[in-house]
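Structure assessment
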Amino acid sequence: MKILLVNPNATASMTDKIAASARRVAGPGVEIIARTGEGSPASIEGHYDEAMSVPALLRHVREGEQEGVAGVVVACFDDPGIGACRELATGPVIGIAEAAMKAATMLATSFSVVTTLPRSVPVIEELARRYGVDHQCRKVRSASIPVLALEEEGSGAREKVRDEILRAIREDNCEAIVLGCAGMADLTDWLSRETGVPVIDGVTVALKFVEGLAAVSLGTSKICAYAQPNQK
Ligand SMILES: O=C(O)C[C@H]1NC(=O)NC1=O
């Protein structure tokens, strides 16, 4: 089984980190094909970056379809272009925000999200509403770090994420934490140990959801909303 994992931003080191997290949990016989959003913004921080990341993402999904991938993980917590990707794909297409937040609702009665910058907070709050989990999402918080600080050793980014998680547990009455950035994937185990609560990373959860759905031969419905784009 081949699964396409796309980091929609243009930072290859983040793609490598995300792919390593995914490969650590991939099942036997599952090959992860990792791709970077060449020509897209170096990081996705807000609506404009998100929009600018979709063309390269769609090119990778189209290529993956031609390569016969079983499904797609969109590894950016804005879940950019999911509907458009689903129109191109036949297998499941799952964004890490939807995967992580819905997984949180299966593990706890409440969760908070910790993302990078304040400007990403309303984007994620809207996703929680769209996915119908806003009543269980206590709060979306920001660690006030640029996305790319997560790529810099010694930046203090990981400690800021940890400290914001501890504040969430104290103040939000939440029982689980969702990591609001694909670039946090490598911090998951450390953060769980440091904080004592389930810390959910959307990259690995989305991968297992795609793997599981593909394994039972379930793919994207093509009969209406996600039918192939009309030829003009
Ligand atoms: O908006 C964010 O902070 C998260 C989002 N940005 C990015 O480049 N990869 C992400 O997962």
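Here we summarise the structure given alongside this text. For clarity, every value in this text was computed on a predicted model and none was experimentally measured.

1. Remarks on the site of the ligand
Around the ligand sit 13 residues, and of these N9, I44, F77, T116 and A182 come closest. Side-chain polar atom of T116 to an oxygen atom of the ligand: 2.5 Å apart, as the coordinates give it. Here S120 contributes a side-chain N or O atom positioned 3.2 Å from an oxygen atom of the ligand. Protein burial of the ligand: of its 300 Å² of free accessible surface, 100% is covered by the chains. Here the residues of the shell around the ligand are counted per class, giving six nonpolar, six polar and one charged.

2. Some details on the nonpolar core
In terms of nonpolar packing, the biggest core is built from 60 residues, with L5, F77, M101, F111, V113, V161 and V178 touching the most fellow members. Take this core: its biggest share by element is seven residues, from helix α4 (residues 96-107). Each residue touching V178, except ones within four places of it in the same chain, is listed here: F77, A100, M101, A104, F111, S112, V113, V114 and I200. Core analysis: the second largest hydrophobic core is formed by 13 residues, L4, L57, V72 and C85 among them.

3. Observations concerning a nonpolar patch on the surface
Taken together, the side chains of L213, V216 and L218 make up a nonpolar region of the molecular surface, amounting to roughly 260 Å² of accessible area. Examined against the element boundaries, L218 turns out to sit in the segment after α8 (202-215).

4. Considerations on the pairing of strand β5 (residues 111-115)
Of all five residues that make up β5, five are buried, and the element is covered over most of its length. Because side chains alternate across β5, one face comprises the buried residues F111, V113 and T115, and the other comprises S112 and V114, equally buried. For the crossover from β5 across helix α5 (residues 121-130) to strand β6 (residues 137-142), the handedness is right-handed. Alignment of β5 against strand β7 (residues 177-179), held across three bridges, turns out to be parallel. Of the residues in β7, the one forming a bridge with V113 is V178.

5. Notes on the pairing of strand β2 (residues 31-36)
Regular strands show a simple pattern: their side chains alternate between the two faces of the sheet. Taken together, the six bridges between strand β1 (residues 2-7) and β2 define a ladder with parallel strand orientation. Bridging from a neighbouring strand, K2 pairs with E31 of β2. Between β1 and its parallel partner β2, the chain crosses via helix α1 (residues 12-25), and the hand of that crossover is right-handed.

6. As for the packing of α1 against α8
The interhelical angle for the contact between α1 and α8, taken along N-to-C directions, is 50°, at an axis separation of 9 Å. Of the possible angle classes, the one that applies to α1 and α8 is oblique. Every pair of crossing elements has a handedness; the one defined by α1 and α8 is right-handed. Only V203, T204, L207, K208 and E211 of α8 make contact with α1, whose side of the interface consists of I18, S21, A22 and V25.

What counts and how
Residues numbered from 1 in each chain as written. Predicted model: local features only at pLDDT ≥ 70, side-chain atom pairs only at ≥ 80, totals over all residues. Heavy atoms only, no water. Near = heavy atom within 4 Å. Polar contact = N/O pair within 3.5 Å; in protein donor to acceptor, adjacent residues only side chain to side chain. Areas by Shrake-Rupley, 256 points an atom, 1.4 Å probe, with all protein chains shown as cover. Nonpolar A, V, L, I, M, F, W, Y, C, P; charged D, E, K, R; others polar. Core = buried A, V, L, I, M, F, W, Y, C linked by side-chain atoms within 4.5 Å. Buried < 20%, exposed > 50% of the residue type's maximum accessible area, 1.4 Å probe, protein only. Helix = DSSP H or I, 4+ residues; strand = E, 2+ residues; numbered from the N terminus. Contact = heavy atoms within 4.5 Å. Patch = residues over 30% accessible without salt bridge, like charges linked within 9 Å, V, L, I, M, F, W, Y side chains within 5 Å. Salt bridge = Lys/Arg side-chain N within 4 Å of Asp/Glu carboxyl O. Right-handed = clockwise from strand over helix to strand, strands pointing away. Pairing = 2+ DSSP bridges. Axes fitted to C-alpha atoms, helices over the stretch in contact; angles between N-to-C directions. Parallel < 35°, antiparallel > 145°, perpendicular 65-115°, else oblique. Left-handed = near helix turned anticlockwise from the far one by under 90°.

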